Amino acid sequence: MDLSFLPKKYLIGLGKVDLDKLSEIRLRVGFPVIISYNFKKSYLSIDGATLFGDKAILCQSEDVNFIINTVTEFSLYAHNDRIREGYLVTKSGLRIGLAGECVYDGEKILTIKNFSSLNIRIPNEVFGCSEGIFKYVINDYTVYNTLIISPPFMGKTTILKDLARNIDAKLSIHVLILDERGEFENVVGENIDKIKFSTKNYGFNYGTRVLSPQVIIVDELMSKNDWTGVLTAKNSGVKVVASCHSDNIENLLRKECFIKGVFDRYVFLGKNDVVGLLDCVLDGEFNRL
Amino acid sequence: MRILFGVVSIFICVFVAYSLTSKYTERRIYFKSFSSFNKIMKTELAFSKNSIINIIKKLPDDIFKNSANWFFESGQGDVPIFKNCTDEEKDFVKNYFDTIGKSDSLTQIKFIESCQNVLDEKVLDAETNEKKYKSLYVKLGFFFGLLIFIIVL
């Protein structure tokens, strides 16, 4: 994992922790650096993970600027489309969530400046983590239109990545990944195409037309547009495996963007708040399987 | 022997005088490359949006590239070229590198356009100075060498 975009003192501290157990680094200017270590909140000190905030490295605005400058290679303009969406992606595919001052031109957001917080997500590759749900997703030699649902930080993207690998390896059908945020960097395979950094809607339309996928995999359906894109793909005969934030079927149905009848399988994760643990699987009519 | 010594003196004096004008040549090269870089940046911002680091990598090896690298990479020691710049020019260069790349394309393009006029003036000024002082220094060197030649004779 390439964390070389972090200031030296952070790297010294991180050098003393098991990076496989690290899932998040949170930086807030003027406050101790918080890490999610072994899925528990800890602080980052020069000596590694600690439970004591007073021993932690204090995040300074220079640290935040250093990270932004290193990741963007001093070229914010080249990353502004993503900055406007509130995130950056490092060369190795780590996503950095940004908080700062939004600059508007009328209704349109121009950029974000004076960054005050960063949330660095460390994706953990868990090979084989989708085995438990694969049998619910598979339908002869193709897959069901499947929606993977959980609250944030419950392993949806990790499961999607592994599902993509599984579909590629076991079904050997053409998979198109709409990688809006560059998080599927390490997911490669002989049947896998990837459209990076495009909007989902563009990816659905363009991808379906020119790449002829059999399955489209897409992370985090958020807006009505995203759902419409899924419907377009479905109506074109392309299967879709997607993820979405929610915690139960009631809240999912309450979502303004939700379109009934799009998906044939609803996979809920995060049973007992355990990351990646399968809770239940529902069919298209919301019957438990 | 005296004639030979005199002739050598003239050559040495002219060479020394010519060498003393190198700061004007360096300044001309610096601002000319700076101006080119500024124009490249404008194109990059409007179209391909390569990172500054990559753009600088592709520049020819000269004093401007060293100076730009100093701002983005080393930041240690003295800024190359600063010994040949006025305080106003130093502020301009520092401000340029503090601002370039640090915002969205539209803001950057406006900034670059505002800098281009200043850079054009600097290039013109540097070229005029180089011509003026190079010729003056060489003449002075020649006359000084001639003086030595006459004294020796």
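Procedures and definitions
- Residues numbered from 1 in each chain as written.
- Chains lettered and ligands numbered in written order.
- Predicted model: local features only at pLDDT ≥ 70, side-chain atom pairs only at ≥ 80, totals over all residues.
- Heavy atoms only, no water.
- Contact = heavy atoms within 4.5 Å.
- Buried area = accessible area lost by both parts, 1.4 Å probe.
- Salt bridge = Lys/Arg side-chain N within 4 Å of Asp/Glu carboxyl O.
- Pairing = 2+ DSSP bridges.
- Helix = DSSP H or I, 4+ residues; strand = E, 2+ residues; numbered from the N terminus.
- Axes fitted to C-alpha atoms, helices over the stretch in contact; angles between N-to-C directions.
- Buried < 20%, exposed > 50% of the residue type's maximum accessible area, 1.4 Å probe, protein only.
- Expected span 1.5 Å × (residues − 1).
- Arc of directions from axis to C-beta.
- Parallel < 35°, antiparallel > 145°, perpendicular 65-115°, else oblique.
- Left-handed = near helix turned anticlockwise from the far one by under 90°.
- Nonpolar A, V, L, I, M, F, W, Y, C, P; charged D, E, K, R; others polar.

## Here we look at the interface of chain A and chain B
Line of reasoning, step 1. Contacts between the two partners involve eleven residues from chain A and, on the opposite side, 17 residues from chain B.
Line of reasoning, step 2. Summing both sides of the interface, chain A and chain B together bury roughly 1100 Å²; the carbon and sulfur share of this comes to 61%.
Line of reasoning, step 3. Per-residue buried area on chain A facing chain B is highest for Glu-73, Phe-74 and Tyr-77 of chain A; these three make up 62% of the total on that side.
Line of reasoning, step 4. The tally of links between chain A and chain B comes to zero salt bridges.

## Focus: the sheet that holds strand β6 (residues 95-105) of chain A
Residues and elements named next belong to chain A.
Line of reasoning, step 1. Taken in spatial order, the seven strands line up as β4-β3-β2-β1-β7-β6-β5 in an open sheet, and their pairing is antiparallel. Strands with a single pairing partner mark the edges of an open sheet, and in this sheet they are β4 (48-50) and β5 (87-89). Adjacent strand axes in the sheet meet at a mean angle of 40° when their direction is disregarded.
Line of reasoning, step 2. Against the sheet, helix α2 (residues 61-72) makes contact with β1 (22-28), β5, β6 and β7 (108-121), and its axis sits at roughly 110° relative to β7, the strand it touches most.

## Description of the environment of Lys-110 of chain B
Residues and elements named next belong to chain B.
Line of reasoning, step 1. When you line up the elements, Lys-110 lands in helix α6 (residues 105-152).
Line of reasoning, step 2. Under the relative-accessibility criterion, Lys-110 is labelled exposed at 61%.
Line of reasoning, step 3. Along the primary structure Lys-110 and Val-138 are separated by 28 residues, whereas in three dimensions their C-alpha atoms are 42 Å apart.

## Quick word on the sheet that holds strand β13 (residues 215-218) of chain A
All names here are of chain A.
Line of reasoning, step 1. Across the sheet, which stays open at both edges, the seven strands sit in the order β12-β11-β13-β14-β10-β15-β16 with mixed pairing between neighbours. Across the chains shown, the open sheet's two edge strands, defined by having one partner strand only, are β12 (192-196) and β16 (278-283). If you compare each strand with its neighbour and ignore which way they point, the axes differ by 20° on average.
Line of reasoning, step 2. Of the pairings in the sheet, the one linking β13 to strand β14 (residues 239-245) comprises four bridges and is parallel in character.

## Brief notes about helix α1 (residues 2-20) of chain B
Residues and elements named next belong to chain B.
Line of reasoning, step 1. Compared with an ideal rise of 1.5 Å per residue, which puts 19 residues at 27 Å, α1 spans 27 Å between its outermost C-alpha atoms and is within 8% of the ideal.
Line of reasoning, step 2. Buried residues of α1: Gly-6, Ser-9, Ile-10, Cys-13 and Ala-17, and no others. For α1, the arc enclosing every buried residue in end-on projection is 100°, short of the 170-degree limit, so these residues lie on one face. In this structure, α1 carries Leu-4, Phe-11 and Phe-15 as exposed residues pointing more than 90 degrees from its buried face.

## Let's talk about the packing of helix α2 (residues 22-46) of chain B against helix α5 (residues 87-99) of chain B
Residue and element names in this part refer to chain B.
Line of reasoning, step 1. For the pair α2 and α5, the least separation of the axes is 14 Å and the interaxial angle reads 30°. In terms of orientation, α2 lies roughly parallel with respect to α5. Helix-helix and strand crossings are classified by hand; for α2 and α5 the assignment is left-handed. Facing α2, whose interface residues are Arg-27, Tyr-30, Phe-31, Phe-34, Phe-37, Asn-38 and Met-41, α5 presents Glu-89, Phe-92, Val-93, Tyr-96 and Phe-97.
Line of reasoning, step 2. In the contact of α2 with α5, the residues fall into nine nonpolar, one polar and two charged.

## Some thoughts on the pattern of salt bridges
All names here are of chain A.
Line of reasoning, step 1. A complete count under the given rule lists 24 salt bridges over all chains for this structure.
Line of reasoning, step 2. For Arg-95, the salt bridge is made with Glu-183, and the minimal N-O distance between the two is 3.3 Å. One end of the pair, Arg-95, is in strand β6; the other, Glu-183, is in the loop between β11 (175-179) and β12, and 88 residues separate them in sequence.
Line of reasoning, step 3. A residue is classified by how much of its surface remains accessible, and Arg-95, at 11% relative accessible area, is buried.
Line of reasoning, step 4. Under the relative-accessibility criterion, Glu-183 is labelled buried at 14%.

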